[in-house]
Structure formats: structure tokens, C-alpha cells
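Residue-level listing of the chains:
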Amino acid sequence: KRCWFNREGITMPAGIFRVCLVVITAIVNHPLLFPKENATVPEYAEDIIQKMKAHEENLRLEQLRLEQEIARQEATLKALEKPTETEEQNIKEPIPWDLWSAMSMVIFLLIELWRQDYQDGNWQESACEEDDMAVLGKAFKGVALPDKAALANFYERCILGATGDMARKRELVEGFADDLLEALRSVCNRDADMEVEESIGVGSMYENWRVHKPLVCDLIVPFTPPEPYCFRSQTWCSRESVPPDKQGYGTIKVCRADEDAVGCICGKTKLGEDMLCLLHSQTNQTRRLGEMEDLLCLKNTQYLDANQVMKWFQIAITKSWNKISHKYEFDLTFNLLDSPGALRIKFRSGKSIAFNLTPVVQCEDSDAYFISHFPRSGLTADPASSTDWFVTFAVYERRFIHSISKKLPANACHLSCLQILSFLHGKQCSLTGPSSLTNYHLKTVMLHLLQTRPYQDWASENLEARLQDMLKFLEKSLQEKKLCHFFIGNRKVPEVLNFPVVFQKAEPLNLFRPFVLHRDAYRKTVDTFHEMLRNTSALINEYTVHIPSVGHTNMLHKESL
């Protein structure tokens, strides 16, 4: 019996060892263990498959070697130990051996069949799903950008000539906007209406890189509530857990200036039927909610409503224009009704100038602002509630570009690169349809490179190299579906900007996150990017040929200055 137990102890671990070996083999061969990026790049697929087959063959040979070794050890033990006839009948050795061998073979075959199905099915599906990324990886390598002379000629003749009157239009719009806002202050009731402050110019027109016509000026207009009220804002950074679609937003609560920020406990605790708050009776609460609606809050709340603000601002602008229209020899109309202040000046000659006045609320004591409405791409959905306000850092962006420009070489090429890229992308979209890639994305790429590259690399003679850097950075961001907001989560923002620490310590905000959810839009964006790369030389040559001579362009530029 002692010998029987020994033989059983030898046979059972051997079978268990074989099963473990098969499981380990399956785990090693599991397709999901291979890096996803390798599995989705077809140009390396053949090499990976060959390596997998070679590795699989090595494991099978190792398995056979181990089985032979175990068989030899068992034969040696059999020779050393001679069980009785009764024990030999009770052991029934072939049964365990055949059972474990059969089970091992069946499990191994099932795993192999599943793995082959996965490779033929899911592998092809994921490869097809990311096929654009394989092309994208090759796209830039196969594109020959125009040389320095061609790029410089294109920039001088095409872009400078198209934007030569930018300064004159800014001056005209700013003067008219100041007059219009002064009239708005006079028609509003200072004791009951919102009070507007001076406008602030932001965006491409004030950062000197806009290339697309019409040249539209963007002005934000901070406003405050009448006394004794004030705004108390709360950003997504100050909350513990925020859904991804709420990142970048905040709420604005309208409170009395003498009210405690925490508020009365009666608003947060359910009082008994026999208990009353002496400070906030039902009558006072009803009257307060009525006052909140007059202060542009959402019904039955104390939170500022963006839709109510838009209606108030449009009515106030209309009253202001009626008061001063007799002074001007042009007409003023609303360009878009779903934007609070998208305005257009129409001259009698038929020409027109468009500009945007957008009401905003200052975020604490910083130069970040809550903006009621802003241009959205096809990917960006409207906020779930009209009390959610987007936080814009446009003032800091303009200040950063202006600050770093002082440190760059004279006639630095950073804005030239952005203008050329914006021009090419805009022309490509006019040929193949709109893309989810926006000028703000392009500017974000430039801001990141300005922070990472040495200042001397932005000299004018490096225009071609820096344009290539921007295209490569954008290419990599599209591959990874990740482009971080320049300011949010960036702890290397220069201290001279006085950027709020709360936003620096926040989690980085991925501007390309919608691409993860909108695959069709992602494919369209990638296709447009490919076409732009392939057509770069053709577009530059075509538009350079059809633009007036350099001398004429320089004359227009000098007149604009």
C-alpha cells in the first residue's frame, strides 16, 4: 500500500503539472498580452505573427521535452519498486495517464482554436478600426514640404496680403464697441440691472495670427450684479468627482454680499413641521426666488442661467443701438440669434464687418472667465444645463503669447507657422468638408511647442523646421487621441502670468477626448489631415501663383500699419 500511494503521488502531480503547463502556454500566447499599439499597426503585423509562431513552437518543444523527462523519471521509479500483483491490479496505471493526457490535449486544442478565431476576427477588426492610424504614421514621412524660400514667399504674398487691414478693423470695432457699451450702461437701471465693464479683446485677431476671412473680432464683456448682490463661482476643480463631460465647466451662484458663503442651515436640513427659521420664512423665500429670476437665475434656483443672460444682453444691445444709431452712417444687425452678441456692421456701400460681444463672469480674482456662449465644434455637445458655464483662459493665452514673443528672436516664426497651418487646414476643409480639428487645437499645439523648444529655434530661418514640428506634434496627438489643454494641469506655466494654482493642480483636460466617443468624426478628421499633408505643396504653389506680386502685397501691409 505504501508503494501504491507513492505511485499515485507521482502520477497525479505529473498530470497537474501538464495542465498547468498548458494554461501557462495559453496565457503567454494570449493576444491581449501584446501591446495594443503593435497589434493595430499593420506594417508590423507579419513580424509579430512570425514571432508568435516561433514562440509557440518553442513552447511546444519545451512541453514535449518535459513530458519525456517525466516519463523517464517514472520508468526509473517503476524499475526500483516492484509492487505486488494485487497492488498492480488496484493501481490501474494507464487510466490516469490517458486521462490527464487527453484532458491536456483537449484543453490545448480548444485554446488554440479560440486564439486562431481571435486573430482572424478581433485582430482584423481592431486593425481595420485603426487602419487610419497606420496610414497616419506613414503620412508625414512621405510628404515633401516646400523649401524655406517657397514657404517665405507664400507667407509674404498670401497671408500678409490677406491680413494687412487687421489693425485697422480692430481699431474700428473697439471704438464702436466702447460707444455701444457706454450707451448700454446709460439705458440700464443701475439698481436692478446687471452692470457691464470694459470689453477685452481676445482670440486670433488680438494675437495677430488670424488668416481666414471675414476677419472677426472677439470681445468679451465682464458683468456684475447690482448691489447688494455678488457672484460666487464654483469650478469643476473644487469638486471631488466630476463626470468627464463636466470638466472645464463651473456654476455661478447669485448671493447677497452680506450673506454667509455657507448659507443658512435651513437650506440644507429638513426642519420639523413645528419648527420655523426666523431668518428665512416661506414668504421671504418666495420673494427671494422671485428676485433671483429678475437677476437672470434659473427658475427656483440661485444659479445664473446662460439663456437668461443671452436674452438680457440682446435686449440691452438693441436698446443701446437705438440710442446711438443716429450718430453712425451704417446699420447694426444680429448675425446669429443663438449667440448673445454676434453683430454685423453693414455699410451703405455693401461692405460689412462682423464682430462678437460675449458677456462673461470673472472667476474669483483671476483673469479666467465663465463664458455664456462660445463657438463649438461638431464634437462639443451643449452643456447639460444652462447653469453650466464654460471656463475660458483666452486672456491668459493672449498674455502668454505676448510675453514669450519678447523673448524670441526678432521676426520669430511661431505665428507664421500657426498662420500657414491654419490657412492650409481651412482650404482643405473647403475642398473635402468640415473637420472636427479647429484653429484652437492648432493654437494649442503651438503653445506646447513654445514652452518646450529653446527660444532661438524660433528664428525666421527655421520656418520650415518648426512647421514640421507642429505637423509631427499634431500627428502624434491624433494617433493617441490626446491633446492636453495648455493651461489646465500645466504646472510649468510662467509665474509672470499669475495663473491660478487651482487650475495648475487640476487633472489635465484632453481636448481630443470626444474622438474616443465619435469614431466617424475621428476618421473624417484623420482623412482631412491626410489630404492636407498630401496637398500641401499643391495648395501653396496654387495660391502663391494667383496672389499679386510681392511689391503690391508689401504696399498693402505698409498701408495697414
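Residues numbered from 1 in each chain as written. Predicted model: local features only at pLDDT ≥ 70, side-chain atom pairs only at ≥ 80, totals over all residues. Heavy atoms only, no water.

Check the secondary structure of the protein chain and you find 19 helices and 10 strands. Looking at the 561 residues of the protein chain, the share that counts as buried comes to 43%. Sequence separation of 24 or more characterises 72% of the internal contacts of the protein chain that already satisfy a separation of 6 or more. (Helix = DSSP H or I, 4+ residues; strand = E, 2+ residues; numbered from the N terminus. Buried < 20%, exposed > 50% of the residue type's maximum accessible area, 1.4 Å probe, protein only. Contact = heavy atoms within 4.5 Å.)

Pro214 follows Lys213 through a cis peptide bond whose omega is 0°. Tracing the sequence through the fold places Pro214 in the loop between helix 9 (204-207) and strand 3 (217-224). Across the junction of Glu227 and Pro228, the peptide omega takes the value 10°, indicating a cis bond. Phi at Leu296 takes a positive value of approximately 70°, unusual for a residue other than glycine. Looking at the secondary structure, you find Leu296 in the loop between helix 10 (282-294) and helix 11 (306-324).

Let's shift gears to the pattern of salt bridges. One side chain can pair with another of opposite charge once the charged atoms of both are near each other. Taken as a whole and assessed by the stated rule, the structure comprises 13 salt bridges. The residue Arg534 makes a salt bridge to Glu531 at a minimum N-O spacing of 2.9 Å. Here Arg534 pairs with Glu531, and both are found in helix 18 (residues 519-545), just 3 residues apart, close to one helical turn. Salt bridges linked by common partners bring Arg453, Asp457, Arg466 and Asp469 together as one network. (Salt bridge = Lys/Arg side-chain N within 4 Å of Asp/Glu carboxyl O.)

This paragraph deals with the side chain of Arg170. Along the chain, the position of Arg170 falls in helix 8 (residues 166-187). Glu174 is the oppositely charged side chain nearest to the buried, salt-bridge-free Arg170, at an N-O distance of 5.1 Å. Those residues within four positions of Arg170 in sequence are excluded, and the remaining contacts are Met205, Tyr206, Asn208 and Cys217. (Lys, Arg positive; Asp, Glu negative; His and termini not counted.)

Negative charge collects at one region of the surface, where Asp191, Glu195, Glu197 and Glu227 lie side by side. Note that Glu197 resides in the loop between strand 1 (195-196) and strand 2 (200-202). (Patch = residues over 30% accessible without salt bridge, like charges linked within 9 Å, V, L, I, M, F, W, Y side chains within 5 Å. Areas by Shrake-Rupley, 256 points an atom, 1.4 Å probe, with all protein chains shown as cover. Charge placed at Lys NZ, Arg CZ, Asp CG, Glu CD.)

Let's shift gears to the side chain of Thr536. With respect to the helices and strands, the residue Thr536 is situated in helix 18. Taking the relative accessible area as the measure of exposure, Thr536 reaches 3% and is therefore buried. Contacts of Thr536, omitting those with residues within four sequence positions, involve Leu145, Pro146 and Leu424.

Right, let's get into the pairing of strand 3. With 6 of its 8 residues buried, strand 3 lies for the most part within the structure. Looking at chain direction, strand 1 and strand 3 are connected through 2 bridges and run antiparallel. Each bridged residue has a counterpart across the sheet, and for Val196 the counterpart in strand 3 is Phe223. In this sheet, strand 3 lies alongside strand 2 in antiparallel orientation, the contact comprising 3 bridges. Directly across from Gly201, in strand 3, lies its bridge partner Leu219. One ladder, built from 6 bridges, connects strand 3 with strand 8 (residues 352-362); its direction is parallel. Each bridged residue has a counterpart across the sheet, and for Asp218 the counterpart in strand 8 is Asn356. (Pairing = 2+ DSSP bridges.)

This paragraph deals with the pairing of strand 10 (residues 389-392). Sheet topology note: the strand 5 (residues 249-256)/strand 10 ladder contains 2 bridges and is antiparallel. Across the sheet, residue Tyr249 finds its bridge partner in strand 10, namely Phe390. In this structure, strand 9 (residues 369-371) lies alongside strand 10, joined through 3 bridges in antiparallel fashion. Looking across to strand 10, one finds that Tyr369 is bridged to Thr392.

The next subject is the confidence of the model for the protein chain. Per-residue confidence for the protein chain gives a mean pLDDT of 79; residues scoring 70 or more make up 69%. Note that pLDDT drops below 50 for residues 31-44; the model gives that stretch 15 contacts with residues more than four away or on any other chain. Counting interchain partners and residues more than four positions distant, the pLDDT-below-50 stretch residues 119-136 has 29 contacts. (pLDDT = per-residue confidence, 0-100.)

This next bit is on the packing of aromatic side chains. As enumerated under the stated definition, the model contains 26 aromatic pairs in all. A centroid spacing of 6.3 Å and a plane angle of 55° characterise the contact between Tyr396 and Phe487, whose relative ring orientation is tilted. Taken together, the residues Tyr396 in helix 12 (residues 394-405) and Phe487 in the loop between helix 15 (463-480) and helix 16 (501-504) connect sequence positions 91 residues apart. Here the two residues Tyr396 and Phe487 agree in accessibility, since each one is buried. The ring of Tyr206 has Arg170 sitting right over it, with the charged end atom 5.9 Å from the ring centre. The aromatic ring of Tyr229 is capped on one face by Arg256, whose charged end is 5.6 Å from the ring centroid. (Phe/Tyr/Trp six-rings, centres within 6.5 Å; stacked < 30°, edge-to-face > 60°. Lys NZ or Arg CZ within 6 Å of the ring centre and 35° of its normal.)

Now for the nonpolar core. One finds Phe223, Leu304, Phe355 and Leu357 to be the most contacted residues of the largest nonpolar core, which totals 106 residues. In this structure, Val360, Tyr369, Ile371 and Val395 belong to the second largest nonpolar core, which totals 7 residues. (Core = buried A, V, L, I, M, F, W, Y, C linked by side-chain atoms within 4.5 Å.)

This paragraph deals with helix 8. The first and last C-alpha atoms of helix 8 sit 32 Å apart over 22 residues, in line with the 32 Å expected at 1.5 Å per residue. Among the residues of helix 8, Met166, Lys169, Arg170, Val173, Phe176, Ala177, Asp179, Leu180, Leu181, Ala183, Leu184 and Arg185 are the ones counted as buried. (Expected span 1.5 Å × (residues − 1).)

When you line up the elements, Ala410 lands in the loop between helix 12 and helix 13 (414-432). For the pair formed by Ala410 and Ser460, sequence separation is 50 residues and the distance between their alpha carbons is 7.9 Å.

Attention shifts here to the packing of helix 14 (residues 439-452) against helix 15. In the contact formed by helix 14 and helix 15, the axes pass within 10 Å of each other and the chain directions differ by 110°. In terms of orientation, helix 14 and helix 15 fall into the roughly perpendicular class. In this structure, the crossing between helix 14 and helix 15 has a hand that is right-handed. Side by side, helix 14 and helix 15 meet where Leu442, Val445, Met446, His448 and Leu449 of the first sit next to Asp469, Met470, Phe473 and Leu474 of the second. Taken together, the residues of the contact of helix 14 with helix 15 sort by class into 7 nonpolar, 1 polar and 1 charged. (Axes fitted to C-alpha atoms, helices over the stretch in contact; angles between N-to-C directions. Parallel < 35°, antiparallel > 145°, perpendicular 65-115°, else oblique. Left-handed = near helix turned anticlockwise from the far one by under 90°. Nonpolar A, V, L, I, M, F, W, Y, C, P; charged D, E, K, R; others polar.)

Let's shift gears to helix 7 (residues 148-162). In this model helix 7 runs 20 Å from its N-terminal to its C-terminal C-alpha over 15 residues, within 8% of the 21 Å that 1.5 Å per residue would give. In helix 7, a bend of some 30° at Tyr155 exceeds every other bend along the element. Residues Leu151, Phe154, Tyr155, Arg157, Cys158 and Ile159 constitute the buried set of helix 7. (Bend = angle between axes of the 7 residues up to and from the residue.)

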